[in-house]
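# Analysis of the macromolecular model
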Amino acid sequence: MIIEPKTRGFICLTAHPTGCEQNVLNQIDYIKSRPTTDGPKKVLVIGASTGFGLASRITSAYGSNASTIGVFFEKPPKEGRTASPGWYNSAAFETQAHKDGLYAKSINGDAFSHEIKAQTLNLIKEDLGQIDVLIYSLASPVRTHPDTGERFKSVLKPIGGTFTDNTVDFHTGEVKEISIEPCAGDDIKNTVAVMGGEDWQMWIDLLKSEGALSNDFKTVAYSYIGPSLTEAVYRKGTIGKAKDDLEATAFKITDTLNDINGKAYVSVNKALVTQASSAIPVIPLYISLLYKVMKEEGIHEGCIEQIERLFNERLYTENLELDDAGRIRIDDWEMRDDIQAKVLELWKEATTETLPNIGDLKGYKTDFFNLFGFDVNGVDYDADANEMVNIPGLQA
Ligand code: NAI
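Here the structure is a predicted model, which means the values were calculated and not measured. Every chain's residues receive numbers from 1 upward, in the order its sequence appears when written. Since the coordinates come from a predicted model, pLDDT governs what is reported: local features require at least 70, and pairs of side-chain atoms require 80 or more to be given and counted, while whole-chain, interface and lining totals use all residues. The basis for the side-chain values is all heavy atoms of the structure; hydrogens and waters are excluded.

### Let's talk about helix 6 (residues 198–209)
- A run of H or I in DSSP becomes a helix once it reaches four residues, and a run of E becomes a strand once it reaches two; helices and strands are each numbered from the N terminus. A helix is expected to reach a length of 1.5 Å times the quantity of its residues less one. Its 12 residues give helix 6 an end-to-end C-alpha distance of 16 Å, which sits within 8% of 16 Å, the value for a rise of 1.5 Å per residue.
- Three labels apply to residues, based on accessible area from a 1.4 Å probe with only protein chains included: buried if under 20% of the type maximum, exposed if over 50%, partly exposed otherwise in between. Of the residues making up helix 6, those classed as buried are Asp199, Trp200, Gln201, Met202, Trp203, Ile204 and Leu207.
- Gly211 lies just past helix 6 and shows a positive phi near 70 degrees.

As structure tokens, this is what we get:
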């Protein structure tokens, strides 16, 4: 079928298998162009199908020939209806990995559930014995608690007062003011329940108790800080409380891993266009300006460049530097004083008229469509595409 983008706000309802495949192959090529490293060998990635998780899987597999198990929650295709992009990404990754002689299997389902954890544990035991790295890269709006059945919904709201600032509708380019009401009731608790550290800890506790973690095991979860411009809605908002909890959980997990010399880290990553971040108000305008400034400085990175740097210049080096709060920082270039000063200046000037020149709205849009396999260089969108793609290592 001929597949075209069908957007609704910040999501796209269709995905292009060939475009997703090309994105994955481009990321693989990038890692192959980098020096091989003494990185991880047996890796579990939770949230492995898109964004930072997919980049972590590719970096592990092609940077150090790691066997990878990916867990994700994606929609399979039906005749005449495309799958979600993470499905096609995973299919492309596994097809290529198998051709290259790499072990790669996947589990599609709710990572918050006991069932998916148990299935993953069994697969590790049967095929790998133990893992040496677990990357936790989930981004979800909801979580059903596996013990109580309670369903939590996360919200992206400021705490304590209404937040008013500019944002951009990246489809139309219109810069307009938005106001977001402060959170209320159980909003903070619910957001922490979804995006905080409890589920990460549950994964580690289970795998540890079953002897599925090797000596010197490492686990990394991803966080974000960002500038003062976005802090009311991000770091000092409800999602920021969840990230505080995630970061505190790293220390708790490390305490449970002493006997195997294990370590849990949080890596603070750069703001990038992903399905998760395009849903956050104000962030698209910030990213449009940030991209412009970082590209002009020659220091722009996507997920794959970020994660390659995380593995090769942080995690697998002799002296891993941490910030005052014990976190790994790969948002260092985003947060440079000169970069942030320029973004702040541009922010004050940003209007519907000025943004196409002072910001990188085009880059934002391209990245957004790329997430779904559209607008990818070298792909013939007039050619017939087969939507019924299988993931070769998918477990039933
Ligand atoms: P993403 O939306 O690209 O990826 C989310 C992944 O989680 C996908 O693989 C999806 O299938 C999986 N997933 C969602 N719900 C699931 C469930 N119930 N069970 C199993 N898998 C599920 O998100 P992105 O942006 O890569 O985010 C990953 C992490 O990185 C998040 O913790 C996010 O806060 C963090 N981060 C993101 C930044 C950004 O600018 N995008 C910046 C810094 C950190």
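### Here we look at the state of the cysteines
- Cysteine sulfur atoms that pair up within 2.5 Å are treated as a disulfide. Under the defined criterion, the tally for this structure stands at zero disulfides.
- No disulfide involves Cys303; its sulfur sits 14 Å from that of Cys20, the nearest cysteine.

### Things to note about the environment of Glu150
- Tracing the chain through its elements places Glu150 in the loop between strand 7 (142–144) and strand 8 (151–153).
- Since its relative accessible area comes to 40%, Glu150 is described here as partly exposed.
- What makes two residues a contact is simply this: any of their non-hydrogen atoms within 4.5 Å. Every residue in contact with Glu150, bar those within four places of it in the chain, is listed here: Arg143, Thr144, His145 and Lys189.

### A few points about the pairing of strand 3 (residues 42–46)
- The element strand 3 is extensively covered by neighbouring structure, given that four of its five residues are classed as buried.
- We treat two strands as partners when DSSP finds at least two bridges between them. Examined bridge by bridge, strand 3 and strand 4 (residues 67–72) share five bridges and lie parallel to one another. Directly across from Val45, in strand 4, lies its bridge partner Gly70.
- As a crossover connection, the stretch from strand 3 through helix 2 (residues 51–64) into strand 4 is right-handed.
- Note that strand 3 and strand 6 (residues 131–136) share four bridges and pair parallel. Along strand 6, the bridge assignment pairs Val45 with Ile135. If you view a crossover with the strands going away from you and the path from the first strand over the helix to the second runs clockwise, you call it right-handed.

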